[in-house]
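Okay, here's what each chain looks like letter by letter:
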Amino acid sequence: MDLAYIPSPSTGVIDLGPIPLRGYAFCIIIGVFVAVWFGNKRWIARGGRAGTVADIAVWAVPFGLVGGRLYHVITDYQLYFSDGENWVDAFKIWQGGLGIWGAIALGAVGAWIGCRRRGIPLPAWADALAPGIAFAQAIGRWGNWFNQELYGKPTDLPWALKISEGPNRVAGTYHPTFLYESLWCVGVALLVIWADRRFKLGHGRAFALYVAAYCTGRAWIEYMRVDEAHHILGLRLNVWTAVIVFVLAVTYIVISAKVRPGREEVVEPGAAEAAEAAEGVEDADEGADSGSEADSDDEARAPGKNGTAEAAKNG
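We now turn to the structure provided with this report. In this text the structure is predicted, and so the values were computed from the model without any measurement.

### Some points on the overall build of the protein
Part 1 of the reasoning: Along its length, the protein carries 11 helices and 6 strands.
Part 2 of the reasoning: When burial is assessed residue by residue, the protein has 40% of its 315 residues classed as buried.
Part 3 of the reasoning: When contacts within the protein are restricted to residue pairs at least 6 apart in sequence, those whose partners lie at least 24 apart make up 72%.
Part 4 of the reasoning: As displayed, the protein has an accessible area near 18,000 Å², and 65% of this comes from carbon and sulfur atoms.

### Brief notes about the nonpolar core
Part 1 of the reasoning: Of all hydrophobic cores here, the largest spans 40 residues; its most connected members are Trp 43, Trp 101, Trp 125, Val 192 and Tyr 210.
Part 2 of the reasoning: When residues of this core are traced back to their parent elements, those giving at least two are helix H1 (23-45), helix H2 (52-75), helix H4 (100-118), helix H5 (122-140), helix H7 (177-199), helix H8 (205-224) and helix H9 (237-259).
Part 3 of the reasoning: Considering every element that reaches this core, the biggest residue donor is H5, with 9 residues.
Part 4 of the reasoning: When neighbours within four sequence positions are excluded, Tyr 210 is seen to be in contact with Ile 104, Ala 130, Ile 133, Ala 134, Gln 137, Val 188 and Val 192.

### Let's talk about the pattern of salt bridges
Part 1 of the reasoning: Enumeration over the complete set of coordinates arrives at 10 salt bridges.
Part 2 of the reasoning: A salt bridge links Arg 46 to Glu 264; the nearest nitrogen and oxygen atoms lie 2.8 Å apart. Taken as a pair, Arg 46 in the loop between H1 and H2 and Glu 264 in the loop between H9 and helix H10 (271-301) lie far apart in primary sequence, 218 residues in all.
Part 3 of the reasoning: Glu 264 sits in the buried class, given a relative accessible area of 11%.
Part 4 of the reasoning: The closest approach of N and O atoms between Arg 236 and Glu 222, which form a salt bridge, is 3.0 Å. Remark: Glu 222 occurs in helix H8 and Arg 236 occurs in strand E6 (residues 235-236); sequence separation between them is 14 residues.
Part 5 of the reasoning: Overlapping salt bridges, with partners in common, bring together Arg 141, Glu 181, Arg 218, Glu 222, Arg 225 and Arg 236 in one network.

### Observations concerning the packing of aromatic side chains
Part 1 of the reasoning: Applying the stated criterion across every chain yields a total of 12 aromatic pairs.
Part 2 of the reasoning: Ring centres 4.9 Å apart and planes at 80° place the aromatic pair Trp 142 and Phe 178 in the edge-to-face group. In this pair, Trp 142 is assigned in helix H6 (residues 142-147) and Phe 178 in helix H7, connecting sequence segments 36 residues apart.
Part 3 of the reasoning: Judged by its relative accessible area of 31%, Trp 142 is partly exposed.
Part 4 of the reasoning: Members of the aromatic cluster, each reached through a chain of ring pairs, are Trp 142, Trp 145, Phe 146 and Phe 178.

### A few points about the environment of Ala 138
Part 1 of the reasoning: Following the sequence through the fold, Ala 138 ends up in helix H5.
Part 2 of the reasoning: What makes Ala 138 buried here is its relative accessible area of 5%.
Part 3 of the reasoning: C-alpha of Ala 138 to C-alpha of Phe 178: the two residues are 40 residues apart in sequence and 8.8 Å apart in space.
Part 4 of the reasoning: Ignoring any residue separated from it by four or fewer positions in sequence, one finds Ala 138 in contact with Ser 182, Cys 185 and Val 186.

### Brief notes about a nonpolar patch on the surface
Part 1 of the reasoning: On the surface, a nonpolar cluster with roughly 560 Å² of combined accessible area is contributed by Val 243, Phe 246, Val 247, Val 250, Val 254, Ile 255 and Val 259.
Part 2 of the reasoning: A residue is classified by how much of its surface remains accessible, and Val 259, at 61% relative accessible area, is exposed.

### Re the environment of Tyr 77
Part 1 of the reasoning: Looking at the element boundaries, Tyr 77 is found in the loop between H2 and helix H3 (78-81).
Part 2 of the reasoning: Taking the relative accessible area as the measure of exposure, Tyr 77 reaches 44% and is therefore partly exposed.
Part 3 of the reasoning: Linking Tyr 77 and Ala 90, residues 13 residues apart in sequence, is a C-alpha distance of 8.7 Å.
Part 4 of the reasoning: When near neighbours in sequence (up to four residues on either side) are disregarded, Tyr 77 contacts Ser 82 and His 230.

About the criteria used
Residues numbered from 1 in each chain as written. Predicted model: local features only at pLDDT ≥ 70, side-chain atom pairs only at ≥ 80, totals over all residues. Heavy atoms only, no water. Helix = DSSP H or I, 4+ residues; strand = E, 2+ residues; numbered from the N terminus. Buried < 20%, exposed > 50% of the residue type's maximum accessible area, 1.4 Å probe, protein only. Contact = heavy atoms within 4.5 Å. Areas by Shrake-Rupley, 256 points an atom, 1.4 Å probe, with all protein chains shown as cover. Core = buried A, V, L, I, M, F, W, Y, C linked by side-chain atoms within 4.5 Å. Salt bridge = Lys/Arg side-chain N within 4 Å of Asp/Glu carboxyl O. Phe/Tyr/Trp six-rings, centres within 6.5 Å; stacked < 30°, edge-to-face > 60°. Patch = residues over 30% accessible without salt bridge, like charges linked within 9 Å, V, L, I, M, F, W, Y side chains within 5 Å.

Coordinates in, geometry out; function isn't part of it.
Take a look at the structure:
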């Protein structure tokens, strides 16, 4: 008998009147907002303008969602195009199924387009957004909890995840790999924030560190999963992907540090001048306000006509 476990939601949908609120979609949306909000704070701290991160995210997010879904459908095509399956389900993104590898790859294409339109270097923008993406992944993984998917091997540990009977799943308690990855992503975000402050990472190296650190955790978490997946030489496809991407990320960090050491001095052309102009306007307004207050004080202290006349009369 299991004395302790993590319960799963009885449903992944909450009906708000006529509007169904799906837990998976809700987690993705919240994650995107957190990534953009935190990325904006980091971008401003790097010398960029407020709102630039959101403007580029308008390009990156849709591309990322399409890329994530494409990767999932292509690598798990049997779920949609095998005998007895309905290919229309490939478009039902709310039922789960986003591959982070495709999301990052195609999202980078969208971000590149947005950066080109603003005249901003993509690596600098990616560095600012890196920890925010990790936080977004940590939040997004809870969408898998709502859908009762992506759990690990059976276990009777106190933090086991209880799964109910359903399509393509057997009731029982399993390793909560969604929780493991969520916590790992939080750790990755904190690591990138610390390393960026400590070593002043630039030219895409903070983003590459995020990628390498995430891949490290994804490899062992992926190894624990029991859902259907393609295998190559005895390992799941996503494990191989994590290994390859990790090597590429580390290689980029090493080469980039030698070719382009340090951090970008200017991340957004004209941002510094605009900030100085705005400060100048504020200082001028404050000076004008101070002058008006001083004039008012002088008028209040000066004797009026009646006071002057009365003083002359008394004299």
